[in-house]
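Coordinate inspection notes
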Amino acid sequence: MPPRLRAFCAELAGFAAVGVFAFLADLGGFLWLRGPVGMDPMYAKALSFVAGVAVAYTGNALGPYRLRGRRLAGGWRRFSVFVLVNAAGGAVQLGCLGVSRQLLGLTSTLADVVSGAGVGLVLGTAVRFWGTRTLVFSGTRGPVRTTGCTGPAASSGPAASPVSGPSSGSDPDGARGPEGAPTARGRSRVDGGAGAA
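Reading the values: the criteria
Residues numbered from 1 in each chain as written. Predicted model: local features only at pLDDT ≥ 70, side-chain atom pairs only at ≥ 80, totals over all residues. Heavy atoms only, no water. Patch = residues over 30% accessible without salt bridge, like charges linked within 9 Å, V, L, I, M, F, W, Y side chains within 5 Å. Areas by Shrake-Rupley, 256 points an atom, 1.4 Å probe, with all protein chains shown as cover. Salt bridge = Lys/Arg side-chain N within 4 Å of Asp/Glu carboxyl O. Helix = DSSP H or I, 4+ residues; strand = E, 2+ residues; numbered from the N terminus. Core = buried A, V, L, I, M, F, W, Y, C linked by side-chain atoms within 4.5 Å. Buried < 20%, exposed > 50% of the residue type's maximum accessible area, 1.4 Å probe, protein only. Contact = heavy atoms within 4.5 Å. Axes fitted to C-alpha atoms, helices over the stretch in contact; angles between N-to-C directions. Parallel < 35°, antiparallel > 145°, perpendicular 65-115°, else oblique. Left-handed = near helix turned anticlockwise from the far one by under 90°. Nonpolar A, V, L, I, M, F, W, Y, C, P; charged D, E, K, R; others polar. Phe/Tyr/Trp six-rings, centres within 6.5 Å; stacked < 30°, edge-to-face > 60°. Lys NZ or Arg CZ within 6 Å of the ring centre and 35° of its normal.

**Here's the deal with a nonpolar patch on the surface**
Taken together, the side chains of Val20, Phe23, Leu24, Leu27 and Leu31 define a hydrophobic patch exposed on the protein surface, amounting to about 490 Å² of accessible area. As for its placement among the helices and strands, leucine 31 is situated in helix H1 (residues 3-34).

Set out below in structure tokens:
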């Protein structure tokens, strides 16, 4: 298997594993809020949805996307976009159920399961996966921070040019003067001392 395809499969597997835990948090939270707490079903579902999204975001940030760069700056901003991505996936899932019932006239329990928990779940998961990896987490590794200016790239300015030399007259060998013109000692180093006075 090519390395890129293997990395993609590992990413998809990690995303699916996190999704299972998020689904359990959503379902468990809804049953607890609706049952022992006695909360209204709409409020209970809204809170359980937020709990499931929080579990999914934390799991993806610490799991399959822990080494990826963050496309959006700020944790709350990324979380907000992640909520919108998951809401879009849920809307796709509900849309599949609506098409099955309203347009196709399939109102049986089996049709609801196939359209909502089958086709809708697959398409909704695809939307969530695409949005998570492209809108929330970038496809590249995060930037590497450096603490000092080392290496040839750090000395690409005119003061370190091997041809022109320093632009000021602070060179201990005196290769260049204050205006960039060669001095006597600088010319002696080039022509082997022939031009030295």
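**Focus on the nonpolar core**
With 13 residues, the main nonpolar core has Ala56, Tyr57, Tyr65, Phe82, Val136 and Phe137 as its most contacted residues. Where this core is concerned, the elements lending two or more residues are H1, helix H2 (41-62), helix H3 (75-103) and helix H4 (109-136). Ranked by residue count, the leading element in this core is H2, at four residues. With residues near it in sequence (within four places) discarded, alanine 56 still touches Val18, Ala22 and Phe82.

**Thoughts on the packing of H3 against H4**
Two elements in contact, H3 and H4, have axes whose closest approach is 8 Å; the angle formed by their N-to-C orientations is 155°. Classified by the interaxial angle, the pair formed by H3 and H4 is roughly antiparallel. Crossing of H3 over H4 shows right-handed handedness. By residue class, the composition of the contact of H3 with H4 is 15 nonpolar, eleven polar and four charged.

**Quick word on the packing of aromatic side chains**
Scanning the model with the defined rule gives seven aromatic pairs in all. Taking 5.5 Å as the distance between ring centres and 65° as the angle between the ring planes, the aromatic pair formed by tyrosine 57 and phenylalanine 82 counts as edge-to-face. Of this pair, tyrosine 57 sits in helix H2 while phenylalanine 82 is found in helix H3, placing the two residues 25 residues apart along the sequence. Accessibility classification places tyrosine 57 together with phenylalanine 82 in one group, the buried group. Put simply, the rings of Tyr57, Tyr65, Trp76, Phe79, Phe82 and Phe137 pair up and form one aromatic cluster. Across the ring face of phenylalanine 30, the terminal group of lysine 45 is positioned such that the distance to the ring centre comes to 5.8 Å.

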